Structures are given as C-alpha cells and as structure tokens.
Amino acid sequence: MLRRTVTTGRASARQARVKPWQSLRGPPLGRGTLASVTGQGPRILLVEDEVSIAEPFARVLAREGFVPTVVGTAAEALDAFERVAPDLVLLDLALPDGDGRDVCRELRSRSDVPVIMVTARGTEIDRIVGLERGADDYVVKPFSGAEVVARIRAVLRRTGRGTAATGSEPVTIGPVAIDPAARRAQLGEDELELSRKEFDLLVDLMRHAGTVVTREDLMARVWDENWFGSTKTLDVHVGWLRRKLGDDPAAPRFIHTIRGVGFRFATPEELDPSA
Ligand code: CA
C-alpha cells in the first residue's frame, strides 16, 4: 500500500524499474552456451552515438563474454560491419548521420545478421511498432544492461542456426518443454493442451526467460503488431496458461507478474531445486 502513488502509470513503473546499469553487479545472467569462456564470444556491433550509453554498455558486453565493437554513425556502422562481421548488431534508431532503419535495411541486403533496434521511449516507439520486420527485436531507452544482454542471448539463440531463422528450436526450462515446430508443450511427462494463443504466449515468455517481457511486446508479437487497445485479453490468457501449468497466481513458479510492466518466465536456475 505504501507509496502506491509513485507507480501511477506504465511509464513511471518503467522508469522506476530501469536504472541503467544497476544490475551489472548482480550475478551473471543465465549463462548460455553462446558466451564461451575462452574469450571468443559472439561479436556484437554496437551502433550508438550517445557515449554515456555506448561506453558502459560495451563494458557490460565484454564482461558478459561478448566481443563488442562500438561505432557512432550510420556510415561507420556499414564500414564496421564489413570489417568485424558481427554475430549481432545493436542499432540505435536515431543516428547523427541517418536513420537506423535505413542502416538496418542496408545490412539486410547484405546478410541475415540479427539486428536489435534501440529506440527512445515516447519519441520513436510508435514508429518502431510499425517497423518492417527487418529487425529481430527492439529495446527501449533507458534500458538496463541486464535486460539487453538477455535479449541479445535470446535473439542469438533464436537465430543461431543461421539460415532460416524460424526460431523453431525446442526450449526446455525446468519441467516445462516446448517444441514450436511441432507445436507441442509438456509439463514434466504430461502433454499440455494449449490454445494457439496460449502456446504462442508460452513460447514468447520462455524464449525470454529471466527477463521481463512487456505487455506491449506480448500484445504485438502474440496478437497484433499494431495493437493499441486494452491488454485485458493478455491477462485472461496468462491466467489460463497459469492454470494449465498449475501455477498459483499469488505465488507463481513459472510466470511472474511484473506489475505495470509485463511478465517474466522463471530461469532454469530458479526452477532447479538443487541450485
Ligand atoms: Ca541516437
């Protein structure tokens, strides 16, 4: 009840949640198979003209096992792309010499490198919603380093097989297993009977396990990319999904509610009783 007034809206909740780089000193985020311990991790091209964002974030990337290259303009981005051959590009939308979307299109014409767009909330978000599917994902500034690292890992996982980028690889977290290609889901040994939307929702949450997926992102990806209305249907479907997973909304094991922001699927570590 205390201080309820400070979280009056989504924007303020987000601001309260996001203190850039605050989580950097926390434990490492779900170590994936991608960040190899040998130091030859995935190469990330970070195209960002704001030094106050680029520099600390490059340090985060390095610490998390990636090999970052930072450039600040559209022209440098294209140049560095050829030089570095990055595994993923993190691309600011508003660059001093151009529009990140043009850079994205140009990169797309050259390769199928995964691209995550970075945008400032409020000013560019509406345009991003209608973004042609050139980018694989997007993040909104201000963001936490932990959140973006998790997104990078998710996109790399999703597109890791290179060519088709269908994101159809099976995912298992704790007792929950999904096989998007076969549209099958299991809880332990039991087959889950999920509706189409429930299944898509579960896939989206599990692919981003450990990070908060915003209500807007879920609506856009599972329902309609041009959704601007009520998100009540999302709560209804999350409720149904929880019931099928045997998840108690008051003390959920799998799907956690982040009030005013979205939902977060538990990490394997959280679901592993021996951890
Ligand atoms: Ca910028």
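Rules used throughout
- Residues numbered from 1 in each chain as written.
- Predicted model: local features only at pLDDT ≥ 70, side-chain atom pairs only at ≥ 80, totals over all residues.
- Axes fitted to C-alpha atoms, helices over the stretch in contact; angles between N-to-C directions.
- Helix = DSSP H or I, 4+ residues; strand = E, 2+ residues; numbered from the N terminus.
- Parallel < 35°, antiparallel > 145°, perpendicular 65-115°, else oblique.
- Left-handed = near helix turned anticlockwise from the far one by under 90°.
- Contact = placed C-beta atoms within 7 Å.
- Buried ≥ 20, exposed ≤ 12 C-beta atoms within 10 Å, placed from the backbone.
- Pairing = 2+ DSSP bridges.
- Right-handed = clockwise from strand over helix to strand, strands pointing away.

> Whenever I open this one, the packing of helix H7 (residues 196-207) against helix H8 (residues 215-223) confuses me. Can you help?
Axis angle and axis distance: for two packed helices, these are the angle between their axes and the distance between the axes, and together they describe the pair. Running from amino to carboxyl end, H7 crosses H8 at an angle of 130 degrees, the nearest separation of the two axes being 10 Å. By the angle between their directions, the pair H7 and H8 is classed as oblique. Crossing hand, H7 versus H8: right-handed. Of H8, the residues touching H7 (which contributes Lys197, Asp200, Leu201 and Asp204) are Leu218, Arg221 and Val222.

> How do you make sense of the pairing of strand E1 (residues 43-47) when you look at a structure like this?
As a general feature of sheets, a regular strand has side chains that alternate between the two faces. Within E1, four of the five residues are buried, which leaves it mostly tucked inside the rest of the structure. Where E1 and strand E2 (residues 67-71) come together, five bridges link them in parallel fashion. Looking at the pairing, Leu45 lines up with Thr69 of E2. Of the crossover connections in this fold, the one passing from E1 over helix H2 (residues 51-63) to the parallel E2 is right-handed. Examined bridge by bridge, E1 and strand E3 (residues 88-92) share four bridges and lie parallel to one another. Paired with Ile44 across the strands is Leu88, a residue of E3.

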